[in-house]
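Structure at a glance
Each chain, written out:
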Amino acid sequence: MDSDALKSLVRTVPDFPAPGIQFRDITTLISHGPGLSAAVDNLARRAEQAGAEAIAGIEARGFIFGAAVAVRLGIGFVPVRKPGKLPIETIGVDYALEYGTDRLEVDPGAITEGQNMIIVDDLIATGGTALAAAKLLRMAGAQVGHALFVIDLPDLGGAASLRKAGVSVEAIMQFAGD
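Now for a quick tour of the structure.

What counts as what
- Residues numbered from 1 in each chain as written.
- Predicted model: local features only at pLDDT ≥ 70, side-chain atom pairs only at ≥ 80, totals over all residues.
- Heavy atoms only, no water.
- Helix = DSSP H or I, 4+ residues; strand = E, 2+ residues; numbered from the N terminus.
- Buried < 20%, exposed > 50% of the residue type's maximum accessible area, 1.4 Å probe, protein only.
- Contact = heavy atoms within 4.5 Å.
- Salt bridge = Lys/Arg side-chain N within 4 Å of Asp/Glu carboxyl O.

Okay, the environment of methionine 1 next. Within the secondary structure layout, methionine 1 lies in the segment before helix H1 (3-7). For methionine 1, a relative accessible area of 49% translates into the label partly exposed. Taking C-alpha positions, methionine 1 is 23 Å from phenylalanine 23, a pair spaced 22 residues apart along the chain. Residues in contact with methionine 1, not counting those within four places in the same chain, are Leu6, Leu9, His32, Pro34, Gly35 and Ala38.

Written out as structure tokens, the structure is:
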């Protein structure tokens with residue numbers, strides 16, 4: 001399936017979570033077997049070309065695509081978690097949201113110093129979470145030069161912010177607006 005066919009599998013939900021927002025819902029893509037497989041193949045091909053030694057997936061939807069890509073490539077998967085989800089000592093980074101802050105954590109023992117780690121997530125919007133994930137993985141010793149997404153919302157500037165931080169960004173599809 002090409003990117004246009006995959007894009008047609010993404011449902012748009014108007015006015016969610018707030019009036020004027022066009023929410024891009026991947027549920028319809030991941031519930032479509034051939035579409036999910038094609039999306040994973042597409043991401044895996046890009047990760048392999050980038051020399052991925054491991055995949056980092058951002059909680060929660062990044063786990064779906066990231067783990068599948070790691071399996072497809074036969075490499076490890078590192079979950080980038082919300083706070084308090086790992087039963088071991090973690091390292092973490094706080095980051096700003098539109099209204100407030102949040103935190104991401106990772107098991108530093110899951111990362112080898114200098115390992116080429118590719119970030120995989122479902123969607124890049126403003127980029128705050130992906131930037132925090134890149135910072136955290138770098139703190140743990142990984143090399144983070146690439147991030148892959150199913151969907152890019154370029155009008156929100158997240159991909160541009162990642163690029164400014166030295167992270168190459170690729171997405172299977174783009175949607176204008178928010």
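Before going further, it helps to examine the side chain of glutamine 115. By the secondary structure assignment, glutamine 115 is in the loop between strand S6 (100-106) and strand S7 (116-124). Overall, the relative accessible area of 14% leaves glutamine 115 in the buried class.

Taken as a whole and assessed by the stated rule, the structure comprises seven salt bridges. A salt bridge links arginine 103 to aspartate 94; the nearest nitrogen and oxygen atoms lie 3.2 Å apart. In this structure, the salt-bridge partner of arginine 103 is glutamate 105, at a minimum N-O distance of 3.2 Å. The exposure class assigned to arginine 103 is partly exposed, which follows from its relative accessible area of 26%. On the accessibility criterion, glutamate 105 (10% relative accessible area) is buried.

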